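Observations on chain architecture
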Amino acid sequence: MDVRQGTDAQSERVGGLIFDALVKKDEHFNLRPWLAASWEQPDALTWVFHLRDGVRFHDGRRLEAEDVAYTIRSMIDGTLITAKGGSFAAVKAVEVLDRLTVRVRLTRPYAGLLFNMSDGLFGVVPKGAGRDFGLHPVGSGPFRFVSAVQDKEVILERSSEYWADSVETGFRVQSSGAGGQEPRGRRIERVRFSVVPDAITSALELKKGSADLASNVVTLDMVHTLESEPNLKVESVPSSIVNYVNFNVTDPALKDERVRQAVACAMDRQAIVDAIWRGKARLANTLLPVGHWAEANGGEMAAYPHDVARAKALLEAAGFRANKDGVRVRITLKINTDETPRLMAAVLQQQLRAAGIDLQIRSAEFGTFYADVTKGAFQMYALRWIGSNEDPDIFRYVYGSGSFPPKGGNRGRYSNARVDALLTAAAVVTDQSERRREYVEVQRILAEELPGIPLWYPNNQVVHTRRIVGVRPRVSGNFDFLTDAEIASSSR
């Protein structure tokens, strides 16, 4: 619950309701003013942020420059241990110029700094927030923290004095009402995020009305079934979320890139999209969202269409020959216990078997699974990026040699000096076309060496009861739709 530390999807989603960032991403991933009303760069090593006046934390304290400065410093000075500290490694000093002005000095130009201060990734905490802050977080966002019980629930209440309710920010989503749309209702004042054991339970609770919304947790088969329920409605929109599998490249069986390429060739990703996602997903060739300015196109990267013969040949060349049972190599895939990863893993197990890859599946509840992932206790794992992949700095965070946990998200311990040099170069130039050239080359190398495999971009699927109206999922898959969704006037 401490936005400075949480890097999993739920931490970023719930944290995005409790905390405010300095800047906010619009639907096209451009960065717009939020807590920072404006900013400038006097030179390549200096950023100056001018904060909005009148913003308060939920406990009544004013949010000012000292809080912003403390938030940044606490992630890099040892106040707390956080993987997000790597995103601020270039920060030399944070200075408070006056009550509402902060100056950030860098050791080197870093174009990704602003993105790492955006919603989902960053939130301003009160000065002095320590290592136990996540137990009782205090933010300035649209909802305030009420309580949390591990493995059971998190309860938030709407902030009655939220600054953005009375300021024109350019992000306001129109309420439902005119033009034959859903009837206007009353805004949501309290949200209980219930932790449930599996997608089936989520679907049953929606069906009987004991839950109101489920965002990207119900499998597509279940969504298809729930669409016919008279009291439920499904909202489905394209998203920037990317599912992927990652390899531990230090593992003896996976250190040869030809083995990783064989895994990619043995996969039939389109078959999985058609079967599990019912076509409501697009294949991914990179971690960046479709249409991103830095995205490499298909012709600029190596491709791995489904080809079992090629997979076998790659394994043979890497020295993995078939035994009497046809098995060439055994690999363990770690997943969490959510229904969709379990279904995907079962299909992958069958697909890879045809190439002589014996894929063993190990599932665990998310906390145990994520702990293994962050400490490198895996051969392969499956997860998804939500929000973080909307900036090309994701490649530094995931594949940079300086981003091994806890300093970053390079959980597979991939290291390539050329990639590091390209990422460094891309971070210091300001010309977007030049930055794109650097990032395209990074994507080309990653597609060849394949430390991970981007799988697909699933649609955002929000299932909700009809007593909730005006539900408009965002492309990032976050929970911002709760700020403008309403409870129908006829509901209690």
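Computed from a prediction, not measured in an experiment: that's the story for all the values here.

1. Some details on the sheet that holds strand S10 (residues 190-194)
Read across the sheet, three strands follow the order S7-S8-S10 without closing on themselves; strand pairing throughout is antiparallel. Since the sheet does not close on itself, it has two edges, and those belong to strand S7 (143-149) and S10, each with one partner. Each strand axis lies, on average, 15° off the axis of its neighbour in the sheet, ignoring direction. With six bridges joining them, S7 and strand S8 (residues 153-158) adopt antiparallel strand pairing. Of the residues in S8, the one forming a bridge with Arg144 is Glu157.

2. Considerations on the sheet that holds strand S14 (residues 281-283)
Read from one edge of the open sheet, six strands run S14-S18-S13-S17-S15-S16, paired in mixed fashion. The open sheet terminates on both sides in strands that have one partner only, identified here as S14 and strand S16 (357-364). In this sheet, neighbouring strand axes are inclined to one another by 25° on average, regardless of whether the strands run parallel or antiparallel. In the sheet, strand S15 (residues 329-336) pairs with S16 via eight bridges, with the strands oriented parallel. Along S16, the bridge assignment pairs Ile335 with Ser363. Contacts from helix H9 (residues 366-374) reach S15, S16 and strand S17 (380-385), with the element oriented near 105° to S17.

3. Quick look at the nonpolar core
Val263, Ile331, Met380, Phe395 and Ile453 are the most contacted members of the largest nonpolar core, which has 70 residues in total. The element contributing the most residues to this core is helix H5 (residues 257-266), with six residues. Ignoring any residue separated from it by four or fewer positions in sequence, one finds Met380 in contact with Val245, Asn246, Phe247, Leu254, Val263, Ile331, Thr332, Leu333, Lys334 and Leu359. Listed in part, the 60 residues of the second largest apolar core include Val14, Leu51, Leu63 and Leu482.

4. What about the packing of aromatic side chains?
A complete count under the given rule lists 17 aromatic pairs for this structure. Between Tyr244 and Tyr381, the aromatic rings sit 5.9 Å apart at their centres with planes inclined by 80°, giving edge-to-face as the arrangement. Here Tyr381 lies in strand S17 and Tyr244 lies in strand S13 (residues 242-247), a separation of 137 residues in the sequence. Each member of the pair, Tyr244 as well as Tyr381, carries the same accessibility label: buried. Ring-pair connections join several aromatic residues into one group, and the members of that group are Tyr244, Phe366, Phe369, Tyr370, Phe378, Tyr381, Trp385 and Tyr397. Over the ring of Trp34 we find Lys24; its NZ or CZ atom is 5.0 Å from the centre of that ring. Its guanidinium or amino end placed over the ring of Phe404, Arg413 lies 6.0 Å from that ring's centre, counting from NZ or CZ.

5. Quick word on the pattern of salt bridges
Under the defined criterion, the tally for this structure stands at 31 salt bridges. The partner of Arg192 in a salt bridge is Glu153, and the shortest N-O contact between them spans 2.5 Å. With Arg192 in strand S10 and Glu153 in strand S8, this pair connects stretches of sequence that are 39 residues apart. Overall, Glu153 belongs to the buried group, its relative accessible area being 12%. Residue Lys334 pairs with Asp372 through a salt bridge whose shortest N-O separation is 3.0 Å. Taken together, the residues Lys334 in strand S15 and Asp372 in helix H9 connect sequence positions 38 residues apart.

6. Side note on the packing of helix H11 (residues 417-428) against helix H12 (residues 432-449)
Two elements in contact, H11 and H12, have axes separated by 9 Å at closest approach and are oriented at 160°. Between H11 and H12, the crossing angle belongs to the class labelled roughly antiparallel. Judged by the twist between their axes, the crossing of H11 over H12 is left-handed. Only Arg435, Glu438, Tyr439, Glu441, Val442 and Ile445 of H12 make contact with H11, whose side of the interface consists of Arg418, Val419, Leu422, Leu423, Ala425, Ala426 and Ala427. Residues of the contact of H11 with H12, tallied by class, amount to nine nonpolar, no polar and four charged.

7. Quick look at the confidence of the model for the protein
When pLDDT is averaged across the protein, the result is 91; 96% of the residues are at 70 or more. Within the model, the stretch residues 173-180 combines pLDDT values under 50 with 17 contacts to residues more than four positions away or in other chains.

8. With respect to the environment of Asp198
Relative to the elements of secondary structure, Asp198 occurs in the loop between S10 and helix H3 (199-208). C-alpha of Asp198 to C-alpha of Gln443: the two residues are 245 residues apart in sequence and 35 Å apart in space. Polar contacts involving the side chain of Asp198 include one to the main-chain amide nitrogen of Ile200, which spans 3.2 Å.

9. Considering the packing of H5 against helix H7 (residues 308-317)
Look at H5 against H7: their axes get within 8 Å of each other, and the N-to-C directions meet at 165°. One element, H5, and the other, H7, form an angle in the roughly antiparallel class. With respect to the hand of their crossing, H5 and H7 are arranged in left-handed fashion. Note on element contacts: H7 touches H5 through Val308, Arg310, Ala311, Leu314, Leu315 and Ala317, opposite Arg258, Val259, Gln261, Ala262, Cys265 and Ala266. Residues that form the contact of H5 with H7 fall into these classes: nine nonpolar, one polar and two charged.

What counts and what doesn't
- Residues numbered from 1 in each chain as written.
- Predicted model: local features only at pLDDT ≥ 70, side-chain atom pairs only at ≥ 80, totals over all residues.
- Heavy atoms only, no water.
- Pairing = 2+ DSSP bridges.
- Helix = DSSP H or I, 4+ residues; strand = E, 2+ residues; numbered from the N terminus.
- Axes fitted to C-alpha atoms, helices over the stretch in contact; angles between N-to-C directions.
- Contact = heavy atoms within 4.5 Å.
- Core = buried A, V, L, I, M, F, W, Y, C linked by side-chain atoms within 4.5 Å.
- Buried < 20%, exposed > 50% of the residue type's maximum accessible area, 1.4 Å probe, protein only.
- Phe/Tyr/Trp six-rings, centres within 6.5 Å; stacked < 30°, edge-to-face > 60°.
- Lys NZ or Arg CZ within 6 Å of the ring centre and 35° of its normal.
- Salt bridge = Lys/Arg side-chain N within 4 Å of Asp/Glu carboxyl O.
- Parallel < 35°, antiparallel > 145°, perpendicular 65-115°, else oblique.
- Left-handed = near helix turned anticlockwise from the far one by under 90°.
- Nonpolar A, V, L, I, M, F, W, Y, C, P; charged D, E, K, R; others polar.
- pLDDT = per-residue confidence, 0-100.
- Polar contact = N/O pair within 3.5 Å; in protein donor to acceptor, adjacent residues only side chain to side chain.

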